[in-house]
Protein chains: 2
Amino acid sequence: MRVLGVDPGLTRCGVGVVEGVAGRPLTMLGVGVIRTLPDADLGHRLLAVEQGVEKWLDEHRPEFVAVERVFSQHNVRTVMGTAQASAVAMLCAARRGIPVALHTPSEVKAAVTGSGRADKAQVGAMVTRLLRLSAPPKPADAADALALAICHIWRAPAQNRLRQAVALHTANATKGRTA
Amino acid sequence: MRVLGVDPGLTRCGVGVVEGVAGRPLTMLGVGVIRTLPDADLGHRLLAVEQGVEKWLDEHRPEFVAVERVFSQHNVRTVMGTAQASAVAMLCAARRGIPVALHTPSEVKAAVTGSGRADKAQVGAMVTRLLRLSAPPKPADAADALALAICHIWRAPAQNRLRQAVALHTANATKGRTA
């Protein structure tokens, strides 16, 4: 399973590609940051994010895109930019028919460190260890994107089982109605 | 001046095209709503908004796109969807090199009704009158999109004068430094 993780942001949008399956060592295929200029107008910044995401999709052909689910508890201005950058990433994936999964920051932290309240340093340290890197990826947005991809690979089996159970239940319910 | 107004939203995205110049009667060229299904996944909803906006840009070839500036004071879930739909509209415009302007809800209300705290009915009534329509456009999102376009046409002269003044000031300041 090859996953592109996206830590959305307008100034810095973290991207990282991880390949592997749950229970086996994972491999990092690429990591980076898409940057846009804070003083450019919003339309052009979104365009730069789109071009960046398209480049990563072209180069790595991921089967899934995992994007951080945005909450609005934080700073208002930042959240708007984050929501807009995440929309662009989801749109790029949807245009290619690539399934998009959203994971919350605490789901990601819990997946890679065991604690939903881990700090940036802890996430960076675990990403470094799990992907057998020589140093933590910088900036933190890049490490977070890899953590998102790892989280998706590890959560996917459980999510698939859940989806199958729901599908089975729905099929049975339909059968019940038509009988 | 031909302007596409966009009242962004995921469930209903209002769109309206108005042509005219400040101080002259305005003409409505089209109005509508782009709808997406609330139970579809977010990527596909954003894709549907993109296809809808592209269709409006293709048909009407506006010179400007005016989008409602999103604030996060309101309901959290709604605001995220609004921010994401607005990102898609801005992206579509930027890809074609069409300038995007953002206007706040109170700027739009003040432009068409004289009061920044006017209600939906008042905005609908003024849009109907200003565009010489037989009835207020429904739903409210469609009327709001037309109000945004009108607001842009009326504010543009002042905004252009401001931009020219800033450009002149910058040019003079540069001259001062190089002299």
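Definitions and cut-offs
- Residues numbered from 1 in each chain as written.
- Chains lettered and ligands numbered in written order.
- Predicted model: local features only at pLDDT ≥ 70, side-chain atom pairs only at ≥ 80, totals over all residues.
- Heavy atoms only, no water.
- UniProt positions renumbered as here; feature names shortened; annotations may be inferred.
- Pairing = 2+ DSSP bridges.
- Helix = DSSP H or I, 4+ residues; strand = E, 2+ residues; numbered from the N terminus.
- Axes fitted to C-alpha atoms, helices over the stretch in contact; angles between N-to-C directions.
- Buried < 20%, exposed > 50% of the residue type's maximum accessible area, 1.4 Å probe, protein only.
- Expected span 1.5 Å × (residues − 1).
- Contact = heavy atoms within 4.5 Å.
- Polar contact = N/O pair within 3.5 Å; in protein donor to acceptor, adjacent residues only side chain to side chain.

Chain A carries the name Crossover junction endodeoxyribonuclease RuvC in an unreviewed UniProt entry, which gives Streptomyces pluripotens as its organism. As stated in UniProt under Subunit (unreviewed entry), the record for chain A gives "Homodimer which binds Holliday junction (HJ) DNA. The HJ becomes 2-fold symmetrical on binding to RuvC with unstacked arms; it has a different conformation from HJ DNA in complex with RuvA. In the full resolvosome a probable DNA-RuvA(4)-RuvB(12)-RuvC(2) complex forms which resolves the HJ." You can read under Sequence similarities (unreviewed entry) in the UniProt record for chain A the words "Belongs to the RuvC family."

> Please explain the sheet that holds strand S5 (residues 100-103) of chain B as it appears in this structure.
Strand pairing in a sheet relies on backbone hydrogen bonds, with the paired strands running either antiparallel or parallel. All names here are of chain B. The strand order S3-S2-S1-S4-S5 describes an open sheet built from 5 strands, whose pairing is mixed. Bordering the open sheet on either side are strand S3 (27-35) and S5, each of which pairs with just one other strand. On average, each strand axis in the sheet is tilted by 20 degrees relative to the strand beside it, whichever way the strands run. Across 6 bridges, strand S1 (residues 2-7) lies against strand S2 (residues 12-19) in antiparallel orientation. In the strand pairing of S2, Arg 2 is matched with Glu 19.

> Explanation requested: the pairing of S2(B) in the structure shown.
Consecutive side chains of a regular strand alternate in pointing toward one face of the sheet and then the other. All names here are of chain B. Within S2, 6 of the 8 residues are buried, which leaves it mostly tucked inside the rest of the structure. In the sheet, S2 pairs with S3 via 8 bridges, with the strands oriented antiparallel. Its bridge partner being in S3, Cys 13 is matched across the sheet by Ile 34.

> I tried to follow helix H1 (residues 42-60) of chain B on my own but got confused; where do I start?
Because the α-helix completes a turn every 3.6 residues, residues three or four places apart line up on one side. Taking 1.5 Å per residue, 19 residues should reach 27 Å; H1(B) reaches 27 Å between its end C-alpha atoms and fits that length. Residues B:Gly43, B:Arg45, B:Leu46, B:Leu47, B:Val49, B:Glu50, B:Gly52, B:Val53, B:Trp56, B:Leu57 and B:His60 constitute the buried set of H1(B).

> For this particular structure, what's the right way to read the sheet that holds strand S5 (residues 100-103) of chain A?
Residue and element names in this part refer to chain A. Pairing is mixed in the open sheet, where 5 strands are placed in the order S3-S2-S1-S4-S5. Each edge of the sheet is formed by a strand with only one pairing partner; in this case those strands are strand S3 (27-35) and S5. On average, each strand axis in the sheet is inclined to that of its neighbour by 20 degrees, with strand direction left out of account. Sitting on the sheet, helix H1 (residues 42-60) touches strand S1 (2-7), strand S2 (12-19), S3 and strand S4 (64-68), and the angle it makes with S3 is about 165 degrees.

> Help me understand the side chain of A:Thr36 in this model?
Residue and element names in this part refer to chain A. Topologically, Thr 36 is positioned in the loop between S3 and H1. In this structure the side chain of Thr 36 is engaged in a polar contact, spanning 2.6 Å, whose partner is the backbone oxygen of Leu 10. Side-chain polar atoms of Thr 36 contact the side chain of Arg 45, separated by 2.8 Å. Not counting the four nearest positions on each side in its chain, Thr 36 is found in contact with Leu 10, Thr 11, Arg 45, Ala 48 and Val 49.

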